[in-house]
Amino acid sequence: MALEEGARSCLLRSRHRLEQDIKPSYLMDHMVSDGVLTVDEEERIRTQDQAVALLELLLRKDNRAYISFYNAMVKEAYNDLANLLHRDLPRVLPEAHFRLSDCCTPHVQAVLSEGGVPQRPVVFVSRPELVNRVREKLYRLQKEPGWVTVFGMAGSGKSVLAAEAARHHGLLEECFPGGIHWLSIGQLDKPDLLVKIQLLCFRLEQSLDSQSLHRTPNTLDEAKERLRFLMLRRYPRALLILDDIWDSTVLKAFDLHCRILLTTRNRSLTNSVSGAIYEVEVESGLDENKGMEILALYTNTKLHGLPEEARSIVRECKGSPLVVSLIGALLKEKPNRWPYYLRQLQQKQFKRIRKSSSYDYDALDQAMAASIEVLPDEHRELYKDLTVLEKDIRVPAKVLSVLWELEPEEVEDILEEFVNKSLLFVDSHNKPYLYYLHDLQLDFLVEQNRTQLESLHKKVVHQYQQHYRDGPPTSGDEDCLYWIRFLTYHMAKANLFQELYSLMFSLDWVSTKAQLMGPAFLINDYVEYGPILDKENCEVRSQFQEFLSLSGHQLEQRPFPDVVQLALSQPHTSEVYRQALLQARDQAGTGKLYFEWLNKSSVESLSRLVIHPHQGSIYSACFSQDGAKIASSGASKTLKVFKSTSGEKLAEIQAHDDEVLCCAFSPDDRLLATCSSDRKVKVWNVERAILLRVFEEEHEEQVNHCQFTNTTRSLLLATCSNDNFLNLWNLNKPSSQNTMFGHFKPVNHCCFSPDDTYVSTSSNDGTVKLFQVASANEWKTISVSDVFAESDEDVLVKCSTWTADGKRIVCAARNAALVFDVETSEMLLEIRTNRLSTVQYCHACPTSNLLAIALSNYTVELWDLEANKKMADCSGHLSWVQRVQFSADGSQLLSCSDDQTVRLWETKKVHTSSAVCLKRDSDVLFNEDAIVVSAADYCNRLQVRDGRTGSVLFQSEEKSSRIRCTCMCRRPSAVALGQEDGTVQVETHRDWRVCVSKKGNFLFICLRRPLQVWRWQSGECKVLQGHKEQVRRFSLLATDTRLLSWSFDGTVMVIGEKLQDIEAHRGAVLSCHVSPDARHFATTSADKTAKLWHCESWQCVHTLSGHQDCVRSCRFSWDNRRLATGDDNGEIRLWSAEDGSLLRICSRDGKDGMDSLHGGWVTDLHFSPDDSLLVSIGGYIKWWDVGKGEALQTFFPTGTALKRIHVSADFSTFVTIDSIGILYILQRVL
């Protein structure tokens, strides 16, 4: 059927407004589901201007498409636009979607009035989807009798829906020309039921001639037969509506083979009747907008004029039509009591929420109690046990099977009865089914059983302890997850404090819960139950919480790390460490490997919490105004919101089609804005995680930054882009309110002044511009590039931030943060940072003179702007820090980085660190129990340290040239250093390598090409030429008479009695190792191969192929039979040195976010003396079972990119330095 002319004209009239305001992608989802739009048509529309293309297609379609489009707009809350189309909706057909207009002609009103159908409530809000679903089912009774059951919990609006569905001219005319008759039932005994049927029969007979009248039936059987006669003979095409049915025996009195619509709380009632049965489930609550509309109508207030308590009331009762109506009626008389009734609702004072002339119960608690009273006594007791559930939590039947000590099948039958009576809800999309209570039902149970709450929770804990007496469940099933998540909650509510202490101060519990639930839930427990735990031992609570907060990102790795090994890195005074050491010693007897970090006391962690929310770089993170939440976004194209106390994820949104460059909270924390490389700006509802607005037309290139005004007084959103423009958006308008011009290069950042009078912009053109928000005029320009006038390079201004008083503005450019006076544009202060790093971002504290600076050298610095003094170094990130932000109260600071983490710092606790950072090129001497380490520090001094105590044995003066390498000689005691300026005490080129012969007589030095051999005590020197490119490294053969060197030119040279020049690989030779018996050596290369060579013939014995990336390291076993090789993908292979065959690939498990099996390149390998174990380093340190190729243990350093590991002769002690300069002395626990 073609589109009716009225509908076509309406579309044409409204076309321009529809094209401007609709979001077609969401509407098309509904239309595809309705079958009026094909998937191919949807795809074609997506490739064009979507709104224009969709409306063009609608004009060519039929009435069903128009109606579907209208319904889709209603579902997506385009209420104003839907009203434009409402008047011209085509006439509804049985198979089509039903129009929402009343069709309530005088004839319809008369018929419904005669049939006793209730009038609309004084305050009425339409629920079009549900009304249409009821009408659709009623149309199925057109040809055959049957039952339509409208079921739902108390107060869900079933009766109003039933009456509204009947209020339709087409339905009356086509399906029920005999009329519609309403009978309110409720909880009746037989005498009352007889009276009800007598009255119905009397009403039906009134319209008949007087000869058809009969005496009033005296018994129920007589009444049933009279009603059967009337319905089948006199009114065969009539609809009987039975409202509020409770009992199946009552329903049987109406099992007359006629057409019946019934409302009930018990879905299973119609199981006992004959005929076709159709069901419509009524959702327990209205959406937020509908609930607000009811309150607005009751109080005669505009929607936008409702107080904030209105929204809270709707949310608190989950949109229950009954509760909203009850409170609305109360407020109609007492309009100043919004806070009072919200408090009553929050405090479960249901008796005080009473008064409604249109409902059978005087107060909410009576309505709830009525449903429970019809349960058998034993089931009523079981239902009481549900009081202990948390809000919005779904539980599987197995949990209640443990609680009730019943077989799961019995429990499922009982729960089905509760569900059928609308006392419980079931999520049938999940397997196994999950059951939950509506908030109102739970609130009622809590209020009813308030004096028994403690004993009910004790029952839960007792039943758990009985059922899981051998240890907590670890299966990961839904029932297991419930116990692991909520056992602490039940213990706390039961006041079982000793049980709670024992559980939460147990490393075993931490390991179990972290593995199944992640660390955030555990941290939440320590925060939530902190006051209880602190009564036992606040130190221990703090130690466990700190362990989880700083190790949480590692506990999210898969495979799951060994918690005992992680805990061994905690301070010696920590209870976490004490328990770990006991377990490690106990398990060491069974051959389990554990390693203790001996010198950990020299390392201080200043972070409060480390979170790993994304896979990929994090470009933006921000606090909510109340500091309770953090939002983050980045390369993963997602937006995430999580708790700032624990990192628990609150929301995850697939936000954009490309990288999300910035996210920002609105000042009331209700909205989040995001902007992206896809050129779009989006605004989201924080609580519901739904999209509210999309701005995609204004910016022509990627949008770099977004920020809301600081107050809601006149809420605006600012965005800036690579198109050189700044836009200000009023969220109530479809296009930007103002566009600011002036920059001639990309604008990187925008920021409102504290009072929202001005907005600043920072650009690649070297300027910061200040615009007046009210007029959108440029106020002044600050030329930042003038500060760097001595340089010809472009000055890119990364960002700007206003001080708390609004009188100064701080700009980030190159390696400096520059402070300018806003009024005079004069530079007041210049903060220069490390010359090798750039300032990525800066943020001024809103409550103090502190300035946080994010740097490309992986650190965050805090400066006091008044004193011009650095107050703190915040280190811990492993890559560029992209963003920093203070919380609104200035107590916390967050930073986010390309290392995929967000770190939180407490502003008052961070400080400049006294710890000395070492460079990774080092040498180590093991002498019985002594460990001596030599390495350069970040101040370019050579240090020799006692590895066990950390004390400095020797420290050189600061060198003018960078120290590149070092080595030590045992006899005589000596240490050498190489530098970049080409001498043996100061730096030379980047590839300085120094090696000492065993006797300590010769010092070997490699420059870019030649090797130098020095008799260092006399100063004699010999230069060894040969390589054409940079020498990678060299090694002495066993006799000290020959030297093996390898180069980036792909060659290996053996220098001694005779020069051997071997063309070894097509790519650079990256490592080389000589077998212990000096018969063979191995080489590895960037050409992804390793080769075995004979030391005497210099011939290649085997070529080892199979690695998928550069082969970076190799090592022979001590028995000369195996060769281990490691590559840049983190893979380790074990080969037979005899025949070159592949023995095994070390376990492929554990690919992490860095796209490596090892957290980075495998840079060094060592076998144990008996060749049963292998240690490898990369992003972290791993120990392997050589026979099985399985990982036995992993140590996660604070930094990454480990370069070399030094191993003691007995394979018990391991020494390495990470990328951020931390020294690790690890010793096996025995």
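Labelled according to an unreviewed UniProt entry, the chain appears under the name Apoptotic protease-activating factor 1, originating from Cyclopterus lumpus. According to the UniProt record, the Subunit (unreviewed entry) comment for the chain reads "Monomer. Oligomerizes upon binding of cytochrome c and dATP." UniProt's Function (unreviewed entry) comment on the chain is quoted here verbatim: "Oligomeric Apaf-1 mediates the cytochrome c-dependent autocatalytic activation of pro-caspase-9 (Apaf-3), leading to the activation of caspase-3 and apoptosis. This activation requires ATP."

**Student:** Explain the overall build of the chain to me, and be specific about the residues and the numbers.
**Tutor:** Scanning the chain for helices and strands turns up 30 helices and 66 strands. Counting all 1230 residues of the chain, 57% fall into the buried class. Roughly 52500 Å² of accessible area belongs to the chain as shown, and the carbon and sulfur atoms make up 46% of that amount.

**Student:** Explain the side chain of Lys769 to me, using residue names and the numbers behind them.
**Tutor:** Here Lys769 shows up in strand β25 (residues 767-772). With relative accessibility at 9%, the residue Lys769 sits in the buried group. At 2.9 Å, the side chain of Lys769 and the side chain of Thr781 are in polar contact. Setting aside chain neighbours within four positions, we find Lys769 in contact with Gly742, His743, Val759, Ser760, Thr761, Glu778, Lys780 and Thr781.

**Student:** Explain the sheet that holds strand β27 (residues 797-802) to me, and be specific about the residues and the numbers.
**Tutor:** Strand order across the open sheet formed by four strands is β27-β28-β29-β30, with antiparallel pairing between neighbours. Because the sheet does not close on itself, it has two edges, and the strands there are β27 and β30 (827-832). Taken over all neighbouring pairs, the strand axes of this sheet differ in orientation by 20° on average, direction set aside. Bridge count for strand β29 (residues 816-821) against β30 is five bridges, and the pairing is antiparallel. Bridge pairing links Ala816 to Arg832 in β30.

**Student:** Talk me through the environment of Ser68; I want residue IDs and the actual numbers.
**Tutor:** With respect to the helices and strands, Ser68 occurs in helix α5 (residues 63-75). The spacing of Ser68 and Val32 is 36 residues in sequence and 9.3 Å in space, taken between C-alpha atoms.

**Student:** Go over the pattern of salt bridges, please, and point to the residues and values.
**Tutor:** Enumeration over the complete set of coordinates arrives at 47 salt bridges. Between Lys318 and Asp392 there is a salt bridge, with the nearest N and O atoms lying 2.5 Å from each other. Here the residue Lys318 occupies a position in the loop between α15 (308-316) and α16 (321-333), and Asp392 occupies one in the loop between α19 (377-385) and β6 (395-396), the gap between them amounting to 74 residues. The partly exposed category is assigned to Lys318, whose relative accessible area is 33%. Judged by relative accessible area, Asp392 falls into the partly exposed class, the value being 46%. Across the pair Arg450 and Glu447 runs a salt bridge, and its minimum N-O distance is 2.9 Å. Residue classification places Arg450 among the partly exposed residues on the basis of a relative accessible area of 43%. Glu447 gets classed as partly exposed once you look at its relative accessible area, which sits at 25%. Here the residues in one salt-bridge network are Lys23, Asp657, Lys680 and Glu696, joined through shared partners.

**Student:** Let's hear about the packing of aromatic side chains: which residues, and what values?
**Tutor:** Applying the stated criterion to the full structure yields 26 aromatic pairs. Judged by centre distance (5.3 Å) and plane angle (40°), the rings of Tyr464 and Trp483 are tilted. Taken together, the residues Tyr464 in helix α23 (residues 453-467) and Trp483 in helix α24 (residues 478-493) connect sequence positions 19 residues apart. Across the pair, exposure class does not vary: Tyr464 and Trp483 are buried alike. Judged by centre distance (6.1 Å) and plane angle (85°), the ring pair of Trp597 and Phe1195 falls under edge-to-face. Separated by 598 residues along the polypeptide, Trp597 in strand β9 (residues 595-597) and Phe1195 in strand β63 (residues 1190-1195) bring together distant segments of the chain. Taken together, Tyr464, Tyr468, Tyr482, Trp483, Phe486 and Tyr489 form an aromatic cluster joined through their ring pairs.

**Student:** For the packing of α16 against helix α17 (residues 338-346), give the residues involved together with the corresponding values.
**Tutor:** Each pair of packed helices can be described by the angle between their axes along with the distance between the axes. Contact geometry for α16 and α17: axes closest at 10 Å, N-to-C directions at 150°. As for how α16 packs across α17, the hand of that crossing is right-handed. Counting all contacts with α16, which are made through Val323, Ile327, Leu330 and Leu331, the residues of α17 involved are Trp338, Tyr341 and Leu345. Counted by class, the contact of α16 with α17 contains seven nonpolar, no polar and no charged residues.

**Student:** Please provide a residue-by-residue account of the environment of Arg1204, values included.
**Tutor:** Structurally, Arg1204 can be placed in the loop between β63 and β64 (1206-1207). Taking C-alpha positions, Arg1204 is 8.5 Å from Val1215, a pair spaced 11 residues apart along the chain. Contacts of Arg1204, omitting those with residues within four sequence positions, involve Ser922, Thr1163, Asp1164, Ile1177, Val1215 and Thr1216.

**Student:** Could you give an account of the nonpolar core, naming the residues involved and the relevant values?
**Tutor:** Ranked by internal contacts, the top residues of the largest apolar core, which has 120 residues, are Tyr383, Leu386, Trp404, Leu415, Phe418, Leu507 and Phe547. Broken down by element, the residue count for this core peaks at nine residues, all from α24. Leaving out residues up to four positions away in the same chain, Tyr383 has contacts with Ile372, Leu375, Phe418, Leu423, Leu437, Gln441 and Leu445.

**Student:** Describe the sheet that holds strand β7 (residues 425-427), naming the residues involved and giving the relevant values.
**Tutor:** If you walk across this open sheet you meet the three strands as β6-β8-β7, and the pairing is antiparallel. Edge positions in the sheet fall to β6 and β7, since each has one partner strand and no second. The pairing of β7 with strand β8 (residues 434-436) spans three bridges and is antiparallel. Residue Phe425 lies in a different strand from β8, and its bridge partner there is Tyr436.

**Student:** Tell me about the state of the cysteines, and name the residues and values.
**Tutor:** Throughout the structure, instances matching the rule amount to zero disulfides. Cys896 forms no disulfide, and the closest cysteine sulfur to it belongs to Cys663, at a distance of 8.1 Å.

**Student:** An account of the packing of α19 against helix α21 (residues 408-420) is needed here, citing residue identities and associated values.
**Tutor:** Direction vectors running N to C along α19 and α21 enclose 85°, while the axes themselves pass 11 Å from each other. In terms of orientation, α19 lies roughly perpendicular with respect to α21. For the pair α19 and α21, contact is made by His379, Leu382 and Tyr383 and by Ile414, Glu417 and Phe418, respectively. The residue inventory of the contact of α19 with α21, partitioned by class, reads four nonpolar, one polar and one charged.

**Student:** Explain unusual backbone geometry to me, using residue names and the numbers behind them.
**Tutor:** In this chain, Lys431 is followed by Pro432 through a cis amide linkage whose omega measures 0°. Note that Pro432 resides in the loop between β7 and β8. Positive phi is not limited to glycine here, since Ala689 has a value of about 55°. Looking at the element boundaries, Ala689 is found in the loop between β17 (681-685) and β18 (690-695). Notably, Asn724 is not glycine yet its phi reads approximately 80°, a positive angle. The topology assignment puts Asn724 in the loop between β20 (717-721) and β21 (726-729).

**Student:** So, the pairing of strand β34 (residues 869-874): which residues are in play, and what are the values?
**Tutor:** Bridge count for strand β33 (residues 860-864) against β34 is five bridges, and the pairing is antiparallel. Residue pairing across strands places Trp863 opposite Lys870, the latter belonging to β34. The loop that links β33 with its antiparallel partner β34 comprises four residues; one of these, Asn868, has a positive phi angle of about 50°.

**Student:** So what's going on with helix α8 (residues 128-139)? Which residues, and what values?
**Tutor:** For α8, built from 12 residues, the straight-helix expectation of 16 Å at 1.5 Å per residue is met to within 8% by its first-to-last C-alpha distance of 16 Å. Across the 12 residues that make up α8, a large majority, nine, are buried.

**Student:** So what's going on with a negative patch on the surface? Residues and values would help.
**Tutor:** A surface patch of negative charge is lined by Glu407, Glu409, Glu410, Glu412, Asp413 and Glu416. Turning to its location among the elements, Glu409 is positioned in helix α21. Taking the relative accessible area as the measure of exposure, Glu409 reaches 51% and is therefore exposed.

Thresholds, definitions, all that
Residues numbered from 1 in each chain as written. Predicted model: local features only at pLDDT ≥ 70, side-chain atom pairs only at ≥ 80, totals over all residues. Heavy atoms only, no water. UniProt positions renumbered as here; feature names shortened; annotations may be inferred. Helix = DSSP H or I, 4+ residues; strand = E, 2+ residues; numbered from the N terminus. Buried < 20%, exposed > 50% of the residue type's maximum accessible area, 1.4 Å probe, protein only. Areas by Shrake-Rupley, 256 points an atom, 1.4 Å probe, with all protein chains shown as cover. Polar contact = N/O pair within 3.5 Å; in protein donor to acceptor, adjacent residues only side chain to side chain. Contact = heavy atoms within 4.5 Å. Pairing = 2+ DSSP bridges. Axes fitted to C-alpha atoms, helices over the stretch in contact; angles between N-to-C directions. Salt bridge = Lys/Arg side-chain N within 4 Å of Asp/Glu carboxyl O. Phe/Tyr/Trp six-rings, centres within 6.5 Å; stacked < 30°, edge-to-face > 60°. Left-handed = near helix turned anticlockwise from the far one by under 90°. Nonpolar A, V, L, I, M, F, W, Y, C, P; charged D, E, K, R; others polar. Core = buried A, V, L, I, M, F, W, Y, C linked by side-chain atoms within 4.5 Å. Disulfide = S-S within 2.5 Å. Parallel < 35°, antiparallel > 145°, perpendicular 65-115°, else oblique. Expected span 1.5 Å × (residues − 1). Patch = residues over 30% accessible without salt bridge, like charges linked within 9 Å, V, L, I, M, F, W, Y side chains within 5 Å. Lys, Arg positive; Asp, Glu negative; His and termini not counted. Charge placed at Lys NZ, Arg CZ, Asp CG, Glu CD.

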